[in-house]
Amino acid sequence: MTLRVRFAPSPTGYLHVGGARTALFNWLLARKEGGVFILRIEDTDRERSSEAHTQAILHGLDWLGITWDEGPYFQSEGLERHRADAFTLLERGWAYRDFSTPEQAAQDREEQVRVGSRLRRARERAEAMSADEVEARLARGEPFAVRLRVPEGETVWEDRVHGEMRFRNEEIDDLVILRSDGTPTYNLAVVSDDVAHGVTLVMRGDDHISNTPKQILIYRGLGKPVPEFAHVPMILGPDGKRLSKRHGATAVGDYEKEGILPEAMVNFLALLGWSPGDDREVFTRQELIEAFSLERVLKKSAVFDLEKLRWLNGQHLMRMATADLLPRVEARLREAGVLLGPGAPSPPAGDAATRVDLATLVELLKPRSRTLEDLVAQARPYFTDPVDYDRPSVEKHWLKDVSGARRRLEAAMGRLQGAPWEAAALEAELRALAEELGSGAGKLFQTLRVALTGRDASPGLFDVLVLLGRERSLRRLEAALAYLRAEAAGPESRKASLTPPDEAD
Ligand code: GLU
């Protein structure tokens, strides 16, 4: 039998981490076993559902690359079938009409709380009613709800994650399946739809475990085959409490904005409640499909660890082909106004020298970045003149010894004027210079790094020089010297020195 699984979100909120994880597990299993993955939007709660949420859920799945084979179906389209199923249950004796007034219903609830056990008062009233009285009430158009007649005994299933699950039926309410306004409740609608869609395995969060015995009884009442069930563990925040807004972003879209790669998000979500059984952590989508199995879905709750997501993102960034990354970085640099968009005025004359090769830059930055946002922030100084100096870097590497820093910058400028502009040659020149200055290579390189990039952390110095080109590198060293001369002369003149050299006069 072909495996048929589904993801059935309610569009009452955005696609959150828990929902995305459930969708992913279903999708991975379907892809692994050549099954069918169905998407169903459970929009019967008219007040809380919205089109915007539906769109956000579809977009989130699309971003993650979770593609569906059937759907999206909308639960609200099945209302007639849900009603018909409720009447089938009535005909088969698995349900009864409940004509209770709101007062009676309130009294029943109050009594149940007081006595502390499941009383079936509505059922008693229904059974005490003669067929004629029922007919008469129906003829008068009196409203009624339909309740499931929970049989005696036990409801048992072999959960694919938790093993045997056993519920005593006396603990299950005669739940309302059709409200007096004719709308179905969740448990009826979900079973009716899963039957209609031929679902063979229901995989969902284990917060639904208590619904499962009720749903199994509805399948039995309808005379339909009961699917298999797999309840996947909850996701908790680092404090051990159920993941919620308190723990920061829980909507998948927030991670998209932050510059998390969908590849990393999928990898991260897969490890929330599933383990490959060895110590591998970084997986491509295809590797996940191959490795995934229900047998390795864990019973105990998973903990959402944001640091791990960032780390995984760094791993995926590093492994990603620069050609795939480039359009995403470019789009973000445009958004940030750092790169000009197509159709924007051509760059001012002389600006060719300020262009860097983006592909080379991305290649250098991707192993040093955790997120796209982080990569873009590191890329920025290569496009903007004058360089925005990071104050702590300036203090540490220049201001502690202003005259030493000036000496190093001046010497480097002299040395670099005529040097062949190629990484190995530049390295040889600068190492020889450090030797001559007797200052230690680290000291010289950090002084230069701050001048070239504004900060003391960057890709390798010689790569940076090559990337910036001779003219622009020398201009930046000159600007750094001007800054330090002004520093020596006092804070007022330092401000003036921050005007780029070619605009200064
Ligand atoms: N709409 C339900 C939810 O979002 C689906 C539950 C199920 O998968 O059966 O929780």
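Notes on the site of the ligand
In the vicinity of the ligand, the contacting residues are Arg-6, Ala-8, Pro-9, Ser-10, Glu-42, Tyr-186, Val-190, Arg-204 and His-208. Contact between the ligand and Arg-6: an oxygen atom at 2.7 Å from a side-chain N or O atom of the residue. In this structure, Ser-10 approaches the ligand through a side-chain N or O atom, which is 2.8 Å from a nitrogen atom. In isolation the ligand has 300 Å² of accessible area, and contact with the protein removes 79% of it. Looking at the shell around the ligand, its residues break down into four nonpolar, two polar and three charged.

Description of unusual backbone geometry
Cis geometry is adopted by the peptide bond preceding Pro-72, which originates at Gly-71 and carries an omega value of 0 degrees. Following the sequence through the fold, Pro-72 ends up in strand β3 (residues 70-74). The omega torsion of the bond from Asp-385 to Pro-386 falls at -5 degrees, within 30 degrees of zero and hence cis. Note on placement: Pro-386 falls in the loop between α15 (372-379) and α16 (391-397).

Describing empty space enclosed by the protein
Inspection of every chain in the model, using the stated rule, returns one cavity of 30 Å³ or more. Looking at the lining of the largest cavity, its residues break down into five nonpolar, three polar and one charged.

Focus: the pattern of salt bridges
For the structure on display, the rule yields 44 salt bridges. Between Glu-295 and Arg-160 there is a salt bridge, with the nearest N and O atoms lying 3.4 Å from each other. Of this pair, Glu-295 sits in the loop between α11 (285-291) and β12 (302-303) while Arg-160 sits in the loop between β6 (154-159) and β7 (163-168), and the two are 135 residues apart along the sequence. Of the residues examined, Arg-160 reaches a relative accessible area of 31% and is grouped as partly exposed. Between Arg-485 and Glu-478 there is a salt bridge, and its shortest N-O distance comes to 4.0 Å. Assessed through its relative accessible area of 36%, Arg-485 is described here as partly exposed. Put simply, Arg-6, Arg-40, Glu-42, Arg-81, Asp-193 and Asp-194 are held in one network by salt bridges that share partners.

A short note on the packing of helix α19 (residues 441-453) against helix α21 (residues 470-489)
To describe two helices that pack against each other, one gives the angle between their axes and the distance between the axes. Where α19 contacts α21, the axes come no closer than 8 Å and their chain directions differ by 105 degrees. By the angle between their axes, α19 is roughly perpendicular relative to α21. For the pair α19 and α21, the contacting residues are Leu-448, Ala-451 and Leu-452 in the first and Ser-473, Arg-476, Leu-477 and Ala-480 in the second. In terms of residue class, the contact of α19 with α21 is built from five nonpolar, one polar and one charged.

Re the layout of surface pockets
Roughly 970 Å³ of volume is contained in the largest pocket. Together, 35 residues line the largest pocket, and His-16, Gly-18, Gly-19, Asp-207 and Arg-242 are the ones closest to its centre. For the lining of the largest pocket, the elements supplying multiple residues, two or more each, are β1 (4-7), α1 (17-33), α7 (186-196) and β9 (201-205). Considering only residue class, the lining of the largest pocket consists of 14 nonpolar, 13 polar and eight charged.

Some remarks on the side chain of Thr-212
Along the chain, Thr-212 turns up in helix α8 (residues 212-222). Judged by relative accessible area, which is 0%, Thr-212 ranks as buried. With residues up to four places along the chain from it excluded, the contact list for Thr-212 reads Trp-157, Arg-204, Phe-229 and His-231.

Regarding the nonpolar core
One finds Leu-325, Leu-333, Leu-361, Phe-383, Trp-398, Leu-430 and Leu-477 to be the most contacted residues of the largest nonpolar core, which totals 57 residues. Within the residue set of this core, elements represented by two or more residues are α13 (322-335), α14 (358-365), α15, α17 (402-417), α18 (423-437), α19, α20 (461-468) and α21. For this core, the leading source of residues is α21, giving seven residues. The next biggest cluster of nonpolar side chains, apart from the first, holds 50 residues, and it includes Leu-39, Leu-64, Ala-230 and Ala-302.

Rules used in this analysis
- Residues numbered from 1 in each chain as written.
- Predicted model: local features only at pLDDT ≥ 70, side-chain atom pairs only at ≥ 80, totals over all residues.
- Heavy atoms only, no water.
- Near = heavy atom within 4 Å.
- Polar contact = N/O pair within 3.5 Å; in protein donor to acceptor, adjacent residues only side chain to side chain.
- Areas by Shrake-Rupley, 256 points an atom, 1.4 Å probe, with all protein chains shown as cover.
- Nonpolar A, V, L, I, M, F, W, Y, C, P; charged D, E, K, R; others polar.
- Helix = DSSP H or I, 4+ residues; strand = E, 2+ residues; numbered from the N terminus.
- 1 Å grid on protein atoms, 1.4 Å probe; cavity = no way out; pocket = protein on both sides within 12 Å on 5 of 7 lines; lining within 4 Å.
- Points joined across faces, edges and corners; volume = space filled by probe spheres on them.
- Salt bridge = Lys/Arg side-chain N within 4 Å of Asp/Glu carboxyl O.
- Buried < 20%, exposed > 50% of the residue type's maximum accessible area, 1.4 Å probe, protein only.
- Axes fitted to C-alpha atoms, helices over the stretch in contact; angles between N-to-C directions.
- Parallel < 35°, antiparallel > 145°, perpendicular 65-115°, else oblique.
- Contact = heavy atoms within 4.5 Å.
- Core = buried A, V, L, I, M, F, W, Y, C linked by side-chain atoms within 4.5 Å.

Taken by themselves, the reported measurements are silent on function.
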